[in-house]
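One-letter residues, chain by chain:
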Amino acid sequence: MTLLDCKNLSVGYNSKTIVSGLNFTLNEGDYLFIVGENGSGKSTLLKTLLGLLKPISGEIIKGKDFLQSEIGYLPQATEIQRDFPANVGEIVISGCQAQARYRPFYSLKHKKLAEENMKTMGILHLKRRPFRELSGGQQQRVLLARALCATQNLLLVDEPVTGLDPNATEEMYSLIQTLNSKGITIVMISHDLEATKIYPSHVLNIGNELFFGSREDFLSWREKQC
């Protein structure tokens, strides 16, 4: 089933186009890597898919069962996030805000969902720990668990392994791959070209050269570019 179909899409800020001519389809169960040089528009595209930015031109055609409010989003880590004054459980359950709407308290269903996602990420034992006291890898697990509280369908991830040590990087890739194997569609921005040889089903390269296709076709295309 098609989730999103982007046709001749141009994205940017304040009517200024950063990248144009994007044509790609995201189907249920895909694992899409978005790659390209710094400043090529990767994060801008992700924010446009999230609905935080409007397309400059072109179309994003949504599948009939696609709900914008049910997208999970793991943004790039920032120093503000890393020093956030809350504990792990509070941050994770905040991913249920869209479901809770204007109710002042989270329901038992939301609390169970948050605990399930903490268990999936291997951080349930950290539930009461202040977020700021965690390692970078643990913090990314917390933010990923939070994103999972918003979706069981589509997860958008912006450079989740930046700043992590090799072991934490491998663990994060493994966790995200496991989520994909369980049916969650993944869209990930990455600078890790080595990882494109292993994880994604499809790759979108943006910048001066545009490419969209399977992992195998991307690797062949990249060899020709070198």
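Residues numbered from 1 in each chain as written. Predicted model: local features only at pLDDT ≥ 70, side-chain atom pairs only at ≥ 80, totals over all residues. Heavy atoms only, no water.

### Re the overall build of the protein chain
Stage number 1. When its secondary structure is counted, the protein chain shows 8 helices and 9 strands.
Stage number 2. Against the globule reference of 17 Å for 226 residues, the protein chain gives a C-alpha radius of gyration of 18 Å, in line with a compact fold.
Stage number 3. On the principal axes, the C-alpha backbone points of the protein chain span a range of 50 × 40 × 35 Å.
Stage number 4. Split into buried and exposed, the 226 residues of the protein chain put 46% on the buried side.
Stage number 5. Nonlocal contacts in the protein chain, meaning residues at least 24 apart in sequence, comprise 67% of its contacts between residues at least 6 apart.
Stage number 6. In the form shown here, the protein chain has an accessible surface area of approximately 11900 Å², with 49% of it arising from carbon and sulfur atoms. (Helix = DSSP H or I, 4+ residues; strand = E, 2+ residues; numbered from the N terminus. Rg over C-alpha atoms; globule rule 2.2 N^0.38 Å. Buried < 20%, exposed > 50% of the residue type's maximum accessible area, 1.4 Å probe, protein only. Contact = heavy atoms within 4.5 Å. Areas by Shrake-Rupley, 256 points an atom, 1.4 Å probe, with all protein chains shown as cover.)

### Concerning the sheet that holds strand S9 (residues 211–214)
Stage number 1. Taken in spatial order, the 6 strands make up an open sheet running S5-S6-S7-S3-S8-S9, and their pairing is mixed. Across the chains shown, the open sheet's two edge strands, defined by having one partner strand only, are strand S5 (71–74) and S9. With strand direction ignored, the average angle separating the axes of adjacent strands in the sheet is 15°.
Stage number 2. Bridge count between S5 and strand S6 (residues 154–158): 4 bridges; the pairing is parallel. Bridged to isoleucine 71 within S6 is leucine 154.
Stage number 3. Each of strand S3 (31–35), S5, S6, strand S7 (185–189) and strand S8 (202–205) touches helix H1 (residues 42–50); the most contacted strand, S6, lies at about 155° to it. (Pairing = 2+ DSSP bridges. Axes fitted to C-alpha atoms, helices over the stretch in contact; angles between N-to-C directions.)

### Focus: the nonpolar core
Among soluble globular proteins, nonpolar side chains are generally buried collectively.
Stage number 1. Counting 44 residues, the largest nonpolar core has Phe33, Val92, Ile123 and Leu155 as its most contacted members.
Stage number 2. Within the residue set of this core, elements represented by two or more residues are S3, helix H3 (88–93), helix H5 (108–120), helix H6 (136–148), S6, helix H7 (166–181), S7 and helix H8 (215–225).
Stage number 3. Apart from the residues lying within four places of it in its own chain, the contact partners of phenylalanine 33 are Tyr173, Met188, Ser190, Asp192, Ala195, Thr196, Tyr199, Pro200, His202, Val203 and Leu204.
Stage number 4. Formed by 23 residues, the second largest nonpolar core is a distinct cluster that contains Phe24, Phe66, Ile189 and Leu204. (Core = buried A, V, L, I, M, F, W, Y, C linked by side-chain atoms within 4.5 Å.)

### Brief notes about H1
Stage number 1. Extensive coverage of H1 is indicated by the burial of 7 of its 9 residues.
Stage number 2. Within the span of H1, buried status applies to Lys42, Thr44, Leu45, Leu46, Thr48, Leu49 and Leu50.
Stage number 3. Glycine 51, located one to two residues past H1, shows a positive phi value of around 90°.

Take it as geometry only, folks, not as evidence of what the structure does.
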